[in-house]
Amino acid sequence: MDDNPMAQRQASVAATREHDEDRLAEMGYKQELTRNWSLLHNFGVSFSIISVITGITTLFEYGLSTGGPGVMSVGWIVVCFFTMFVALGMAEIVSAVPTSGGPYFWAAILAPPGQAAFWSWITGWFNLLGQVAVTTGITFGCAGLISTTATVNSGYTPTAARTIGIYAALLSSHVLVNSFGVKFLRYLNDFSVLLHSVGVSCFAIAVLAKAPTHQSAKFVFATFYDGTGDPGWSVRASPAYVAVCGILMAQYTITGYDASAHLSEETNNASWNAPLGVLMSVGVSAVFGFFLIIALLFSIQDFAGTVGSTVGQPVTQILMDIFGDKGAIALMSLIILCVWHAGLFSLTSNSRMMFAFARDHGLPSFFDNVNEKFEAPIRTICLAAFLAVLLAVPSLGSSVAFSAATSIATIGLYISYGLPILIGLIYPSNFAKGPFNLRAASRPIALIAVLYITFITIVFCLPEYNPVTSQTLNYTPVAVGIVAAWAFGSWFLWARRWFTGPIRQIEEERMGIPIADPAKMVEAEEMMKDGMMGVNDIE
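Residues numbered from 1 in each chain as written. Predicted model: local features only at pLDDT ≥ 70, side-chain atom pairs only at ≥ 80, totals over all residues. Heavy atoms only, no water.

(A) A nonpolar patch on the surface, seen in detail. Taken together, the side chains of F191, L194, V198 and L337 make up a nonpolar region of the molecular surface, amounting to roughly 330 Å² of accessible area. Of all the elements, helix α9 (residues 185–210) adds the most residues to the nonpolar patch, at three residues. Assignment of secondary structure puts L194 in helix α9. Among the residues examined, L194 registers a relative accessible area of 48% and is labelled partly exposed. (Patch = residues over 30% accessible without salt bridge, like charges linked within 9 Å, V, L, I, M, F, W, Y side chains within 5 Å. Areas by Shrake-Rupley, 256 points an atom, 1.4 Å probe, with all protein chains shown as cover. Salt bridge = Lys/Arg side-chain N within 4 Å of Asp/Glu carboxyl O. Helix = DSSP H or I, 4+ residues; strand = E, 2+ residues; numbered from the N terminus. Buried < 20%, exposed > 50% of the residue type's maximum accessible area, 1.4 Å probe, protein only.)

Written as structure tokens, this is what we have:
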């Protein structure tokens with residue numbers, strides 16, 4: 001027996017990796033992506049995409065004007081509480097089905113055989129919408145922060161066109177790193193975790209310590225402010241209306257943790273590490289995010305001056321009031337670096353989902369490709385970036401485009417999270433649990449998760465500013481409606497004739513079925529149903 005600890009560790013890792021590949025093969029897939037991510041790496045990607053400093057900083061102005069400090073602080077606690085139910089439901093499913101397809105694959109596995117392809121198709125398209133919108137929201141937010149920071153102590157004037165240009169440059173950098181630097185992503189991930197934990201903690205402590213004066217606890221937890229128009233929605237509707245719209249900042253921030261599922265085919269011991277990655281990313285983000293919010297709110301020096309800041313970014317104004325122009329630029333650079341990493345890993349997760357969807361013929365087979373030299377799905381990386389650019393185009397003619405993009409991201413992702421949870425709730429006999437098992441609590445948790453997702457889906461489609469004009473229109477219902485019409489319409493018109501849901505690659509290839517040809521796949525399935533087909537019967 002070899003007593004060498006290093007040799008034993010290598011043998012253990014090899015055994016775990018072999019088990020993961022066997023589990024993937026049981027679900028019908030070959031190991032195509034490199035599997036070398038640990039629990040820390042898996043958690044780190046979701047933690048980086050959630051990126052509390054990204055969501056809080058980029059939507060801080062929205063939060064202050066839509067409910068104010070009280071909604072921002074208390075709303076964060078409420079949102080994180082209910083989001084944990086969604087995360088628990090997702091973690092239980094990903095433990096049972098650890099594939100990079102994520103929600104659309106889960107929907108197919110959990111649904112009855114006759115409905116599997118339908119639910120897989122619908123869930124896949126909503127997940128794709130959410131993934132693209134998250135990438136848009138993060139990177140467009142980063143472009144906005146760069147534009148705002150550039151105005152400090154300079155003559156730079158930001159415009160919509162300039163911001164789009166910065167946005168395109170940022171996306172290009174993400175495409176290059178994801179395409180040609182995949183071997184370095186793990187190290188960038190480690191650095192990102194350090195930035196989002198130690199960096200954000202030091203940032204919050206520095207803000208609190210340096211602030212000349214501090215607001216009262218009553219201001220932070222009980223101050224309501226309505227800046228949604230003249231008159232605002234608290235007058236035209238009610239303060240409760242403004243408050244529920246105001247939780248968008250918190251809910252948008254705590255999104256993207258399905259990345260742990262999308263990276264499960266690259267994660268060792270995925271049945272445990274992927275669900276733990278989901279839960280850890282939400283739990284840790286909840287704590288860090290709350291600390292960051294109260295640090296910024298307690299350190300506001302002049303509320304009216306912060307809300308109506310001439311630089312157009314309340315967080316930048318807070319930092320200028322505390323540290324001066326040069327100090328504000330230095331700390332904003334730290335924030336921008338964090339947001340850049342969040343956008344980078346959002347594109348990583350996005351491209352993996354699209355690759356898996358293309359592998360199962362949800363997207364054209366052209367995108368079912370992993371570059372052998374660089375070991376990356378370069379085609380879906382480029383597709384994800386292109387769609388993110390298209391989603392940002394309305395910002396050229398809309399003052400609320402950014403908050404709309406964040407609403408689209410939140411709704412698209414949470415619908416795709418909720419559908420598999422709902423299907424598992426309705427058809428529990430199809431749910432073969434993995435190592436992470438909620439047991440008796442599974443169904444109550446799933447019910448709460450589904451009801452909460454229904455609630456936020458309705459809320460984030462509501463008008464945010466009064467009066468509603470072409471400039472202030474919340475186009476979230478339009479974007480979500482277009483995708484819903486496409487998903488349902490395409491299914492009934494043509495996709496149901498050839499989309500069969502997740503493809504069991506290994507099984508089909510052994511039978512000689514050309515998996516790149518949807519028509520042959522449908523023909524093969526019909527023959528198998530009729531009991532007419534044997535190995536190599538399809539030419």
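Anyway, onward from the coordinates.
(B) Region of the structure containing helix α8 (residues 160–180). With 21 residues, α8 extends 30 Å from end C-alpha to end C-alpha; this agrees with the ideal 30 Å at 1.5 Å per step. Where α8 is concerned, the buried positions are T163, Y167, L170, L171, H174, V175, N178 and S179. Buried residues of α8 fall within an arc of 160° about the axis and therefore sit on the same side. Among the exposed residues of α8, those oriented more than 90 degrees off its buried face are A161 and L176. Residues of α8 that are buried make contact with α7 (116–151), α9, α17 (314–359) and α18 (378–392). (Expected span 1.5 Å × (residues − 1). Arc of directions from axis to C-beta. Contact = heavy atoms within 4.5 Å.)

(C) Main features of the confidence of the model for the protein chain. In this model, the protein chain carries an average pLDDT of 85, and 85% of its residues clear a pLDDT of 70 or more. Here helix α22 (residues 505–510) stands out as the least confident element of the protein chain, with mean pLDDT 44; helix α10 (residues 217–222) is the most confident, with 97. Below a pLDDT of 50 lies the segment residues 505–519, which in the model reaches 44 contacts outside its immediate sequence neighbourhood of four places, other chains included. Scored below 50 in pLDDT, residues 531–539 makes 23 contacts in the model with residues more than four places away or belonging to other chains. (pLDDT = per-residue confidence, 0-100.)

(D) Expanded view of the nonpolar core. Counting 162 residues, the largest nonpolar core has I56, F60, V86, Y257, L319 and I335 as the members making the most contacts within it. Ranked by residue count, the leading element in this core is α17, at 22 residues. Here I335 is in contact with I53, T57, L145, F203, V315 and L319, once residues within four sequence places are set aside. (Core = buried A, V, L, I, M, F, W, Y, C linked by side-chain atoms within 4.5 Å.)

(E) Fine view of the pattern of salt bridges. Applying the stated criterion to the full structure yields one salt bridge. Its salt-bridge partner being E92, residue K433 comes within 3.2 Å of it at the nearest N-O pair. Placement of the pair is K433 in the loop between α19 (401–426) and α20 (442–459) and E92 in helix α5 (residues 68–96), with a sequence separation of 341 residues. With relative accessibility at 32%, the residue K433 sits in the partly exposed group.

(F) Expanded view of the environment of R443. Within the secondary structure, R443 is located in helix α20. Judged by relative accessible area, R443 falls into the partly exposed class, the value being 43%. With 18 residues separating them along the chain, R443 and L425 place their C-alpha atoms 6.1 Å apart. Side-chain polar atoms of R443 contact the backbone oxygen of L425, separated by 2.6 Å. (Polar contact = N/O pair within 3.5 Å; in protein donor to acceptor, adjacent residues only side chain to side chain.)

(G) A look at unusual backbone geometry. For the peptide bond that leads from D230 to P231, omega is 0°, which places it in the cis range. Turning to its location among the elements, P231 is positioned in the loop between β2 (225–226) and α11 (233–236). In this model, N466 is joined to P467 through a cis peptide bond whose omega is 0°. Checked against the element boundaries, P467 lands in the loop between α20 and α21 (476–493). Here the phi dihedral of N269 falls at roughly 50°; this positive angle occurs in a residue that is not glycine. Looking at the secondary structure, you find N269 in the loop between α14 (259–262) and α15 (270–298). Phi at E375 takes a positive value of approximately 55°, unusual for a residue other than glycine. The class for E375 is partly exposed, based on a relative accessible area of 34%.

(H) Examining the packing of aromatic side chains more closely. In the structure shown here, the tally under the stated rule is 33 aromatic pairs. With centroids separated by 5.9 Å and ring planes inclined at 80°, the aromatic side chains of W125 and F357 adopt a geometry described as edge-to-face. With a gap of 232 residues between them, W125 in helix α7 and F357 in helix α17 connect regions that are remote in the sequence. Accessibility classification places W125 together with F357 in one group, the buried group. Each ring, one from W233 and one from Y241, has its centre 5.1 Å from the other, and the planes form 35°; the classification is tilted. Members of the aromatic cluster, each reached through a chain of ring pairs, are Y104, W121, W125, F357, W486, W494, W498 and F499. Over the face of the ring belonging to F366 we find R379, whose NZ or CZ atom lies 4.2 Å from the ring centre. The cationic tip of K433 hangs over the ring face of F431; the distance from NZ or CZ to the ring centre is 4.9 Å. (Phe/Tyr/Trp six-rings, centres within 6.5 Å; stacked < 30°, edge-to-face > 60°. Lys NZ or Arg CZ within 6 Å of the ring centre and 35° of its normal.)

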